[in-house]
Every structure is written in C-alpha cells, then in structure tokens.
Amino acid sequence: MSISSRRPRRGPAPGMPERRFPLTLVILSGGVIALVAILGVAIYNTTQDRAIATTAIEGVKVFPGLDRGHQDGAVAYEQTPPVGGPHNAAWLNCGIYEEPVASEYAVHSLEHGAVWVTYRPDLPAEQVELLRRQVRGNGYVVLSPYPDLPSPVVASAWGIQLSLEEAGDPRLNAFMRKYQQGPQTPELGAACTQGVGTPSQR
Amino acid sequence: MTTMETTPNNAPERGGITNILVIVLVALSVALGALWWLTQPPQEGDPAVTFSRDMSYHHQQAVEMALLLRDRTDDPELRLILIDMALTQQAQIGQMSGWLEAWGLPITGPQPPMTGQMTHGGETMAMTPEMMGIQPQSEVNKLTTLPVSEAEVLFLQLMIRHHRGAILMAESTLSQTQRAPVTRLAQSIIAGQESEIALMQKLLADRGAQELP
C-alpha cells in the first residue's frame, strides 16, 4: 500500500469542484471591502469641515495680550469699541439694547464669550432691524448703538474685531457663529445673564 | 515517486491552516473596525449634537428666570424649587458643553438654537424657539419689575410653558438618537420637569392663579 492511500483524504474527492479557494477569497474580499469602507468613513470624518471653528473670516483683526483685571469706574480702552482689557466686576447681560451701554460692563461679557455687535447710532432703521433679526435668538450676543463708531457696524469678541460696512454682510453671521463661546473665550462656561442691564429682546 | 505522492497530501494541509488563519484575521479586523465605528463621536448635524446646543440654550433661560425671582422672593418653598432648578439645569449645561468638547465640536453651532427639525407625534416639522417654550425677554424682564407676589405667579406660568417645551424637545431627541449619555439626560429631563410642572401647578393653585392657556 502506498503512503497516500493510508492518510485521510484532504481536499475534494476526485472529480469534485475545488471549493476551498473561492470561499476564502469571498471572505477575504468581503473583509477587505468592509475594512476599506470603515477606513473611508474614518478619513471622511477627520476631514469633515470643522468650518465654524477653523475657517478664517476675511478682515478679522486680532489683539493679543489683553489685561483681564477688574477695575471700578471708567476705563480708557485702546480700541473703539474695545475688544478687551480691564473691566468692571459686573458683566452686561446679553441681548438687544436700544441705548448705548457702558463698555466696562460689555468688555466683561466678552470675557464670558459674548460677541458684541455695535452700530452707529445714525444707522438707517432697516439696517438696525436687520441687525436685530440676525442677533435675535442667540445666547451670547450683545447688540447696542455705539457713538462715534469708525465703521457703520463693528463686531467684537475678546481680542477679536471685524469692521463691516453694512448689516447684511454675511461675515457678521459667520463671526457670531464662530466666536460665541468660541476658542477666544477666556472664561468658558460663564453666564451672560444675572449681570447688569435689561435688554429689550434677546 | 515518493516525493510526488507526499506533495499532494502536504499542500492541501498547509492550505487549510492558512485559509483558517486568513479567515480569523479578516473576521477579527472587521470586528475591531466595527467596534471602532460604533464608538465614534457624532458629527455636525447629528441629533445628539443639536440637542446639546439647543437644550443648553433652553436651560440658560430657565436658570436666568429662576435666579431673577429668587433674588426677590422670600417664600421658602418657592426658593427651594428655584435653586433646585437653577443648579440642576446649570450642571446639565456643563454636562452638555463637556460632551461637545469631548466630541471635538464647538459650543456654538452653524445655526442659531432651536431652528432645526423636530419630531412630534410621528411627524417632522421645523421648530422655533417659541414652539419649544422660550419666553419673550419682555416677559422675563417683568420678573424684576412686577410686585413680588405677581412676579411669583408670572414665573410659575412662564416656567410651566418653558418646561413643556423642554419635554417636547427631549422627546423629539429620544426619537432621533440612541446615543447613550444623551438619551439618559433626555429621559432625566422629561421625568424631572414633568414632576416640577406638577409642583408648580400646586404652587399656582395655592396662589389662586391659573396656568396660561
């Protein structure tokens, strides 16, 4: 008797189709496809547009190294309107104001993550209404007229400022979406209520 | 002759073990990949993300109102429920901010709060802050100017509406996501605020006042 006839048969009987190889190939292909799909999702997710947080808004100026101390009384700020610096111990409640507000309170709100949108007091009524429509329904925005503003509309966050010619500029909304409680916020988690001021709307 | 006879026997044996190894390796990789996929954080647009932002904004108004009244009322039963609301909801705001940060997402989203879609009674519809119980600032401001007893009644009326909106929002989110810490918080909000509504209805009745329609 030959050796081969005593060993148990491995593989298909003579005349039967060879099946092991295609099954392994099917499993292997299925697995590779699944892994490629998972890898594809992973790569897609990491390249997802974190647009709000990372896209630069054209025209934005940055002012680093601002003081954060509390100070009573009037403060002389370097920017108009100010983007930071010493401020009152009380912050200004976020919302829409029809009269100018004291900068010393508003700057504290910037420290809490608020965006301060200011406009020239003589801005046409429909522009003011457009500003109010855009600001309404946001939790961390102050809107107020500001005398002697260098541009018709200026949006500020802590250490950050954008001058605009008109209320309809899409950069205003982009600024609000990016900087409300945004990466520039020195005191993230602080509230924009329970401070001073009574906004007519929020 | 001998070599030719043993080779056909040995080749299928090696092939069998190799095939099994390949199958096991591929199955393991797919399982690990699936596990990885299931533990990924949500992306922008996910209901868990929208809920975290919308409910935080909603809670902020509740905290504001509760503390405004607490500054003025000395009714001990009311003061207790007010501080309870304020502390609980402020903590939940913190919880939701923590999730967003852990998910690598900004606190503020591409849309203002409560301007997305909600599900109610099996239907999907556009939501507004008012629909979800956000009260007008002009009403909230009255809490600081009305005589205290009237401010108490107004608070209870506004907050019952406010709570109903939060419950709607939480229920909508439960129908849109199965993500664990989010569903737990949504359920906790529903249970907690339903119970607070009942308490506030009693406090209104004590004051001889009615809910708003």
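Basis of the calculations
- Residues numbered from 1 in each chain as written.
- Chains lettered and ligands numbered in written order.
- Predicted model: local features only at pLDDT ≥ 70, side-chain atom pairs only at ≥ 80, totals over all residues.
- Heavy atoms only, no water.
- Helix = DSSP H or I, 4+ residues; strand = E, 2+ residues; numbered from the N terminus.
- Rg over C-alpha atoms; globule rule 2.2 N^0.38 Å.
- Buried < 20%, exposed > 50% of the residue type's maximum accessible area, 1.4 Å probe, protein only.
- Contact = heavy atoms within 4.5 Å.
- Areas by Shrake-Rupley, 256 points an atom, 1.4 Å probe, with all protein chains shown as cover.
- Lys, Arg positive; Asp, Glu negative; His and termini not counted.
- Charge placed at Lys NZ, Arg CZ, Asp CG, Glu CD.
- Phe/Tyr/Trp six-rings, centres within 6.5 Å; stacked < 30°, edge-to-face > 60°.
- Salt bridge = Lys/Arg side-chain N within 4 Å of Asp/Glu carboxyl O.
- Pairing = 2+ DSSP bridges.
- Right-handed = clockwise from strand over helix to strand, strands pointing away.
- pLDDT = per-residue confidence, 0-100.
- Core = buried A, V, L, I, M, F, W, Y, C linked by side-chain atoms within 4.5 Å.
- Domains from an automatic or database assignment.
- Arc of directions from axis to C-beta.
- Axes fitted to C-alpha atoms, helices over the stretch in contact; angles between N-to-C directions.
- Parallel < 35°, antiparallel > 145°, perpendicular 65-115°, else oblique.
- Left-handed = near helix turned anticlockwise from the far one by under 90°.

Caption draft 1: The arrangement of the overall build of chain B in detail. Counting its regular elements, chain B contains six helices and two strands. The order of helices and strands in chain B, counted from the N terminus, is α-α-α-β-β-α-α-α. At 28 Å, chain B has a C-alpha radius of gyration far larger than the 17 Å of a compact globule built from 213 residues. Relative to its 213 residues, chain B shows a buried fraction of 42%. The contacts in chain B between residues at least 6 apart in sequence include a share of 74% that link residues at least 24 apart. Here chain B has roughly 10600 Å² of accessible surface; of this, 61% comes from carbon and sulfur atoms. Considering chain B, the positive charge centre built from 12 side chains and the negative charge centre built from 22 side chains are found 3 Å apart.

Caption draft 2: Examining the packing of aromatic side chains more closely. Residue and element names in this part refer to chain A. According to the stated counting rule, one finds three aromatic pairs over all chains in the structure shown. Each ring, one from Phe175 and one from Tyr179, has its centre 4.6 Å from the other, and the planes form 50°; the classification is tilted. On the criterion of helical spacing, the pair formed by Phe175 and Tyr179 is a turn pair, its members being four residues apart in helix α6 (residues 170–179). The class of Tyr179 is buried, set by a relative accessible area of 7%.

Caption draft 3: How the structure looks around unusual backbone geometry. Thr80 of chain A connects to Pro81 of chain A through a cis peptide bond whose omega is -5°. When you line up the elements, Pro81 of chain A lands in the loop between β1 (61–62) and β2 (95–96). Residues other than glycine seldom take positive phi values, yet Met114 of chain B does so here, at roughly 55°. The topology assignment puts Met114 of chain B in the loop between α3 (76–102) and β1 (117–120).

Caption draft 4: Up close: the pattern of salt bridges. Applying the stated rule across the entire model yields twelve salt bridges over all chains. The closest approach of N and O atoms between Glu64 of chain B and Arg202 of chain A, which form a salt bridge, is 2.8 Å. Note that Glu64 of chain B is positioned in helix α2 (residues 47–70) and Arg202 of chain A in the segment after α6, a pairing that runs across two chains. Note on accessibility: Glu64 of chain B and Arg202 of chain A belong to one class, buried. Notably, a salt bridge pairs Lys202 of chain B with Asp206 of chain B, separated by 2.8 Å at the nearest N-O pair. In this pair, Lys202 of chain B and Asp206 of chain B are both assigned in helix α6 (residues 180–206), four residues apart and thus about one turn of the helix distant.

Caption draft 5: Quick look at the pairing of strand β4 (residues 141–145) of chain A. Residue and element names in this part refer to chain A. Counting buried positions along β4 gives five out of five residues, so the element sits mostly inside the fold. Here β4 shows two buried faces, one formed by Val141, Leu143 and Pro145 and the other by Val142 and Ser144. Pairing of β2 with β4, which is carried by two bridges, proceeds in the parallel orientation. Considered in β4, the bridge of Gly95 is made with Val142. Bridge count for strand β3 (residues 115–119) against β4 is five bridges, and the pairing is parallel. In the sheet register, Tyr119 faces β4, and the bridge partner there is Pro145. With helix α5 (residues 125–135) bridging β3 and the parallel β4, this β-α-β connection has right-handed handedness.

Caption draft 6: Representation of the confidence of the model for chain B within the structure. Residues and elements named next belong to chain B. Residues with a pLDDT of 70 or more make up 93% of chain B, whose mean pLDDT is 92. Every residue in residues 1–7 scores below 50 in pLDDT, and together they form four contacts with partners more than four places removed in sequence or on other chains. The complex model carries a pTM of 0.84, and its ipTM stands at 0.86.

Caption draft 7: Focus on the nonpolar core. In this structure, Phe51, Met55, Trp103 and Phe155 of chain B are the most contacted members of the largest nonpolar core, which totals 50 residues. Those elements that provide at least two residues to this core are α2, α3, α4 (137–145), α5 (148–174) and α6 of chain B. With twelve residues, the top contributor of residues to this core is α5 of chain B. Judged by nonpolar contacts, the second largest core, of 22 residues, contains Ala157, Leu162, Leu164 and Met176 of chain A.

Caption draft 8: Representation of the domain arrangement of chain B in the model. Each assigned domain of chain B is listed here: domain 1 (1–40) and domain 2 (43–206). In this structure, domain 1 of chain B and domain 2 of chain B have C-alpha centres spaced 56 Å apart.

Caption draft 9: Region of interest: α4 of chain B. All names here are of chain B. Those residues of α4 lying buried are Gln137, Val140, Asn141 and Leu143. Summarising the axial view, the buried residues of α4 lie within an arc of 135°, below the 170-degree limit, and thus occupy one face. Next to the buried residues of α4 lie α2 and α5.

Caption draft 10: Highlighting the sheet that holds β2 of chain A. All names here are of chain A. Pairing is mixed in the open sheet, where six strands are placed in the order β1-β6-β5-β3-β4-β2. Across the chains shown, the open sheet's two edge strands, defined by having one partner strand only, are β1 and β2. With respect to the sheet, α5 is in contact with β2, β3, β4 and β5 (153–157), its orientation differing from that of β3 by roughly 170°. Sitting on the sheet, α6 touches β3, β4, β5 and β6 (160–164), and the angle it makes with β6 is about 165°.

Caption draft 11: How the structure looks around the packing of α4 of chain B against α5 of chain B. All names here are of chain B. Close contact between α4 and α5 brings their axes to 8 Å; oriented N to C, the two are set at 150°. Taken together, α4 and α5 sit at an angle that is classed as roughly antiparallel. The crossing of α4 and α5 is left-handed. Contacts between α4 and α5 involve Glu139, Val140, Lys142 and Leu143 from the first element and Ala151, Leu154, Phe155 and Leu158 from the second.

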